[in-house]
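Structural description and commentary
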Amino acid sequence: MSTLKNKLGIALRLAALFMVTASLASASIVGWFMSKHCDWDFVQQVGGIEVTTVQLENGRFAAKVRFDPSGGQAITCKPRGMNSGLIFDKASVHVNGDEVRVKVYTSVPERGRIYPDTMMVQLPKRAHGNYRLRYENPDHSFFEMGALIVP
């Protein structure tokens, strides 16, 4: 009987530990699964995207990506829709030859997380120069956004 109680106690403790761990991790897991790469049409529908360069405190340069999927700001064009249930989750910026490729992702809000409309993505050290700025769609097609100068 004593070994049965010990096994039951261990099982209950493991179950409780699993539930606590699962509840703490569930918000970030849901956000990870819900993260969605936006296409150019959606970006334009909610007010556009702005990409500029800034110098960081460490002397390196970063792409400053401004995007508001809620549709509450006219960043580069007038928004045509509102999405109060979406947030700017992350930005991807890659240097590829003579071009800088940008992608933005949306997600659902998570409790306790701050959602900026601007994100910094550090550029490689060798990235100085003039680049074609291109938005990469989920189907790997591109939209030409103009030029990006990295001093």
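1. A few points about the sheet that holds strand S6 (residues 118-122)
- The three strands are arranged S2-S3-S6 in an open sheet whose pairing can be described as antiparallel. Pairing within the sheet leaves two strands with one partner each, and these edge strands are strand S2 (49-55) and S6. On average, each strand axis in the sheet is tilted by 25° relative to the strand beside it, whichever way the strands run.
- Sheet topology note: the strand S3 (residues 61-67)/S6 ladder contains five bridges and is antiparallel. Paired with Arg66 across the two strands is Thr118, which belongs to S6.

2. Overview of the pairing of S2
- Relative to S3, S2 is paired through seven bridges, and the arrangement is antiparallel. Across the sheet, the residue bridging to Val51 is Val65, located in S3.

3. A few points about the packing of aromatic side chains
- Per the stated rule, a full pass over the model turns up three aromatic pairs.
- Ring centres of Trp40 and Phe143 lie 4.1 Å apart, and the angle between their planes is 15°; on these two criteria the pair is classed as stacked. With Trp40 in helix H2 (residues 40-45) and Phe143 in strand S8 (residues 142-150), this residue pair connects regions lying 103 residues apart in the sequence.
- The buried category is assigned to Trp40, whose relative accessible area is 12%.
- Between Phe67 and Phe88, the aromatic rings sit 5.4 Å apart at their centres with planes inclined by 90°, giving edge-to-face as the arrangement. Of this pair, Phe67 sits in strand S3 while Phe88 sits in strand S4 (residues 87-96), and the two are 21 residues apart along the sequence.
- With a relative accessible area of 0%, Phe67 lands in the buried category.
- For Phe88, a relative accessible area of 2% puts it in the buried group.
- Clustering of aromatic rings is evident, with ring pairs tying together Trp40, Tyr135 and Phe143.

Reading the values: rules and limits
Each residue is numbered by its place in its chain's sequence as written, counting from 1. This being a predicted model, a pLDDT of at least 70 is required before a residue's local features are given, and a value of 80 or more before pairs of side-chain atoms are given or counted; all residues contribute to the totals for chains, interfaces and linings. Calculation of side-chain values draws on the structure's entire complement of heavy atoms; hydrogens and water are dropped beforehand. For two strands to pair, DSSP has to find at least two bridges joining them. Under the scheme used here, helices are H or I runs from DSSP no shorter than 4 residues and strands are E runs no shorter than 2 residues, and both carry numbers assigned from the N terminus. Each axis is a line fitted through C-alpha atoms, taken for helices only over the stretch in contact, and angles between the N-to-C directions span 0 to 180 degrees. Between 30 and 60 degrees the pair is tilted, below 30 it is stacked and above 60 it is edge-to-face, where a pair is any two Phe, Tyr or Trp rings, Trp via its six-membered ring, whose centres lie within 6.5 Å. Only protein chains enter the calculation, and the probe is 1.4 Å; a residue is then buried if its accessible area is under 20% of its type maximum, exposed if over 50%, and partly exposed in between.

The values reported here are purely geometric and, on their own, carry no functional implication.
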